[in-house]
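Residue-level listing of the chains:
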Amino acid sequence: MNRKKALQAPYLFWSVMFILIPLCMIFYYGFTDKTGAFTLENIMAIATAEHAKALWLSMLLSLVSTVLCLVIAYPLAMILSSMNVSQNSFIVVIFILPMWMNFLLRTLAWQTLLEKTGVINNILSFLHLPALNIINTPPAIILGMVYNFLPFMVLPIYNALVKIDKNVINAAKDLGANQVQTFIRIILPLSIPGVISGITMVFVPALTTFVISTLLGGSKILLIGNVIEQEFTRAGNWYLGSGLSIVLMIFIIVNMVLSSVFDKDGEGAIL
Amino acid sequence: MKNFIKRFYIGIIFVFLYAPIVTLIALSFNSSKTRAKWGGFTFKWYASLLQDEIILQALWNTLIIAFLSSLIATVIGTAACVAMQSMSRKMRALFMGITNIPMLNADIVTGISLMLLYISLGVRFGFSTILLSHITFNIPYVILSVMPRMKQLNPHTYEAALDLGASHVYAFFKVVFPDILPGVLTGFLMAFTMSLDDFIITHFTKGAGIDTLSTKIYTEVKKGIKPEMYALSTIIFIAVICLLLIINIFGKKSAQKDMRQDN
């Protein structure tokens, strides 16, 4: 009994100290003002024009990039799972490998690629195609989000797909289902845990990012993440910053609940 | 035809994922200081990298934090997994729920929540606050990769070892640990990678005097990235590929053995 306690104690202490208490602190700061009195002002601040616009833009951009990730990743995961690669880890490595190049540098490289006189436009003009002017616009931010978060959509879907028992698919075919029917009635429903997990893993970081918008959106486009970051690092108003984070957390919690409803056994886990 | 489309699709995605990386590698050989212009091939940034103490210090900070945080997270996480084995379902669900919080929560929220904690505890921001934060977000990666291995274990082998007179510790390291080792190693590597690539949480929990590579790059964004930074990340990238190839060549036999056991 004591042994068990000794093993779980470090993690229990750690999670209370560094996960639960810090979360409570956000709520404390979010619901109080500088004098320590209770207030809803920090939460209601989301309704001001500037903040509401930032939140709206963040939601729009993260929704579009989540959908794009899903549309790109699902066929990719299907192709990858149909290939008989002897080592599954090879596929994981292909998607994890870019992470060893610094995240900021990887995203910055898109500046070089997308610029007016950048690599892509040079190729386009060589082919006599119209130039692509998306740097410092919302589409560039979407591209950055899709680029950074695509692996988080591919891996859970891939993991869900390879777990599907081939006999189930063969049984459906034996019973006369064509390819489309097999896909809609067998493969798609069985891959839903992976899809849901992928959506959460893309949507949350996309909604809350401030780095991608800083690097690819110029300095004019403010997402809700930028607003919060500035409150903490420049304005020094932790109360307002915490209040806005609580608003963000509502979206995150909805996401968590959705993923736990659809993915009870953690089947769509990324690992 | 169908195969061609499949290959083509994978090819496009591959280009999309690796184009920025090729760009960065190309920039590390660019003799012009701005990234907008190609000034010819050079190795000079690699030479000047060795003299750039600021970048080397940031590299050292990044590596030591990644190593220590993933090591400590691996110990705490593996211990928690062992403890969770003998827990009631409810307690285990609670533990796993807490584990999922840093995974599902936004990095910015985790970052500022830790920042608020350190402020209210009066801890001085610096190396230790970064390390504590990295351990915090690394533990879940360890638990999530060790837990599946743990579930596959046959509990009777451990009991058998105890019956045969092994002590708890001896039985754990002789019977349980070899079986969960692949999960522990994956967890450690995941944690190391995540720690190395983290910017957001470090940004909020670092002090003024210390920089990791990520935070150094972020401050350089406005005035232009030093080309030495491209050289350094190219070296890191190539080193990782070499390491993976070595593991692949030497680890192939044991991996095959491992897979046979899984099936």
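Higher on the page you've got the structure.
Our subject in this report is the structure included herewith. (Residues numbered from 1 in each chain as written. Chains lettered and ligands numbered in written order. Predicted model: local features only at pLDDT ≥ 70, side-chain atom pairs only at ≥ 80, totals over all residues. Heavy atoms only, no water.)

**Examining the packing of helix α8 (residues 166-174) of chain A against helix α9 (residues 179-208) of chain A**
Residues and elements named next belong to chain A.
- Contact pair α8 / α9: the axes reach a minimum separation of 10 Å and the direction vectors enclose 145°. Taken as a pair, α8 and α9 cross one another with a handedness that is right-handed. Between α8 and α9, the contacting residues are Val168, Ile169, Ala172 and Lys173 on the first element and Thr182, Ile186 and Ile187 on the second.
- Along the lines of polarity and charge, the residues of the contact of α8 with α9 split into five nonpolar, one polar and one charged. (Axes fitted to C-alpha atoms, helices over the stretch in contact; angles between N-to-C directions. Helix = DSSP H or I, 4+ residues; strand = E, 2+ residues; numbered from the N terminus. Left-handed = near helix turned anticlockwise from the far one by under 90°. Contact = heavy atoms within 4.5 Å. Nonpolar A, V, L, I, M, F, W, Y, C, P; charged D, E, K, R; others polar.)

**Re the interface of chain B and chain A**
- Each partner contributes to the interface: chain B provides 83 residues, whereas chain A provides 74 residues.
- Roughly 7500 Å² of surface becomes buried between chain B and chain A when both sides are summed, with 79% attributable to carbon and sulfur atoms.
- Put simply, chain B and chain A have one salt bridge between them.
- For the salt bridge of Asp197(B) with Arg106(A), the shortest nitrogen-to-oxygen distance reads 2.8 Å.
- At the surface where chain B touches chain A, the tally comes to 10 residue pairs in polar contact (both at pLDDT 80 or more). (Buried area = accessible area lost by both parts, 1.4 Å probe. Salt bridge = Lys/Arg side-chain N within 4 Å of Asp/Glu carboxyl O. Polar contact = N/O pair within 3.5 Å; in protein donor to acceptor, adjacent residues only side chain to side chain.)

**As for unusual backbone geometry**
All names here are of chain A.
- With phi around 60°, histidine 128 is a residue other than glycine that occupies positive phi space.
- Checked against the element boundaries, histidine 128 lands in the loop between α6 (119-126) and α7 (138-163).
- Residue histidine 128 is classed as exposed on the basis of its relative accessible area of 73%.
- Of note, the phi angle at asparagine 136 is positive, near 65°, even though the residue is not glycine.
- Secondary-structure assignment places asparagine 136 in the loop between α6 and α7. (Buried < 20%, exposed > 50% of the residue type's maximum accessible area, 1.4 Å probe, protein only.)

**A word on the pattern of salt bridges**
Residue and element names in this part refer to chain B.
- This structure, assessed with the given rule, holds three salt bridges over all chains.
- Measuring nitrogen to oxygen at the nearest pair gives 3.1 Å for the salt bridge that ties aspartate 52 to lysine 226. Within this pair, whereas aspartate 52 is found in the loop between α2 (44-49) and α3 (53-85), its partner lysine 226 is found in the loop between α10 (213-220) and α11 (227-262), the two being separated by 174 residues in sequence.
- Since its relative accessible area comes to 11%, aspartate 52 is described here as buried.
- We note a salt bridge from lysine 206 to aspartate 211, for which the minimum N-O separation is 3.4 Å.

**Overview of the packing of aromatic side chains**
- For the structure shown, the criterion picks out 29 aromatic pairs over all chains.
- Ring centres of Tyr11(A) and Phe95(B) lie 5.7 Å apart, and the angle between their planes is 50°; this geometry places the pair in the tilted category. Residue Tyr11(A) is found in helix α1 (residues 2-30), and its partner Phe95(B) is found in helix α4 (residues 89-104); the two belong to separate chains.
- Under the relative-accessibility criterion, Tyr11(A) is labelled buried at 2%.
- Between Phe41(B) and Phe43(B), the ring centres sit 5.4 Å apart and the planes meet at 85°, which makes this aromatic pair edge-to-face.
- In this structure Phe43(B) comes out as exposed when scored by relative accessible area, which is 53%.
- Three or more aromatic residues link up through ring pairs in this structure, and these residues are Phe210(A), Phe232(A), Phe199(B), Phe204(B) and Tyr218(B). (Phe/Tyr/Trp six-rings, centres within 6.5 Å; stacked < 30°, edge-to-face > 60°.)

**Focus on helix α5 (residues 103-114) of chain A**
All names here are of chain A.
- The terminal C-alpha atoms of α5 lie 17 Å apart, and with 12 residues this matches the ideal 16 Å at 1.5 Å per residue to within 8%.
- Among the 12 residues that make up α5, 12 are buried, leaving the element largely enclosed by the rest of the structure.
- Along α5, the positions that sit buried rather than exposed are Phe103, Leu104, Leu105, Arg106, Thr107, Leu108, Ala109, Trp110, Gln111, Thr112, Leu113 and Leu114.
- For α5, the capping residue at the N-terminal end is asparagine 102, with a side-chain oxygen 2.8 Å from the backbone nitrogen of leucine 104. (Expected span 1.5 Å × (residues − 1).)

**Looking at the packing of α9(A) against helix α12 (residues 238-262) of chain A**
Residue and element names in this part refer to chain A.
- Put simply, α9 and α12 touch, their axes get as near as 9 Å, and they point 170° apart. Considering the angle they form, α9 stands roughly antiparallel to α12. Residues Ile192, Pro193, Ile196, Thr200, Phe203, Val204, Leu207 and Thr208 of α9 lie in contact with α12, whose contacting residues are Leu248, Phe251, Ile252, Asn255, Leu258, Ser259 and Phe262.
- Considering only residue class, the contact of α9 with α12 consists of 11 nonpolar, four polar and no charged. (Parallel < 35°, antiparallel > 145°, perpendicular 65-115°, else oblique.)

**A few points about empty space enclosed by the protein**
- Overall, the coordinates contain six cavities of 30 Å³ or more when judged by the stated rule.
- Surrounding the largest cavity, 34 residues form its lining, Phe149(A), Phe152(A), Pro205(A), Asp107(B) and Tyr141(B) being those nearest its centre.
- For the lining of the largest cavity, the elements supplying multiple residues, two or more each, are α5, α7 and α9 of chain A together with α4, α5 (107-121), α6 (127-152), α8 (168-197) and α9 (200-205) of chain B.
- In this structure, the second largest cavity occupies an estimated 130 Å³ of space.
- Around the second largest cavity, the lining comprises 15 residues; the ones closest to its centre are Trp100(A), Asn102(A), Leu196(B), Leu213(B) and Ile236(B).
- Among the elements of the structure, α8, α10 and α11 of chain B are those that each provide at least two residues to the lining of the second largest cavity.
- Here the lining of the second largest cavity is built from residues that sort into 10 nonpolar, four polar and one charged. (1 Å grid on protein atoms, 1.4 Å probe; cavity = no way out; pocket = protein on both sides within 12 Å on 5 of 7 lines; lining within 4 Å. Points joined across faces, edges and corners; volume = space filled by probe spheres on them.)

Just geometry here; none of it tells us what the structure is for.
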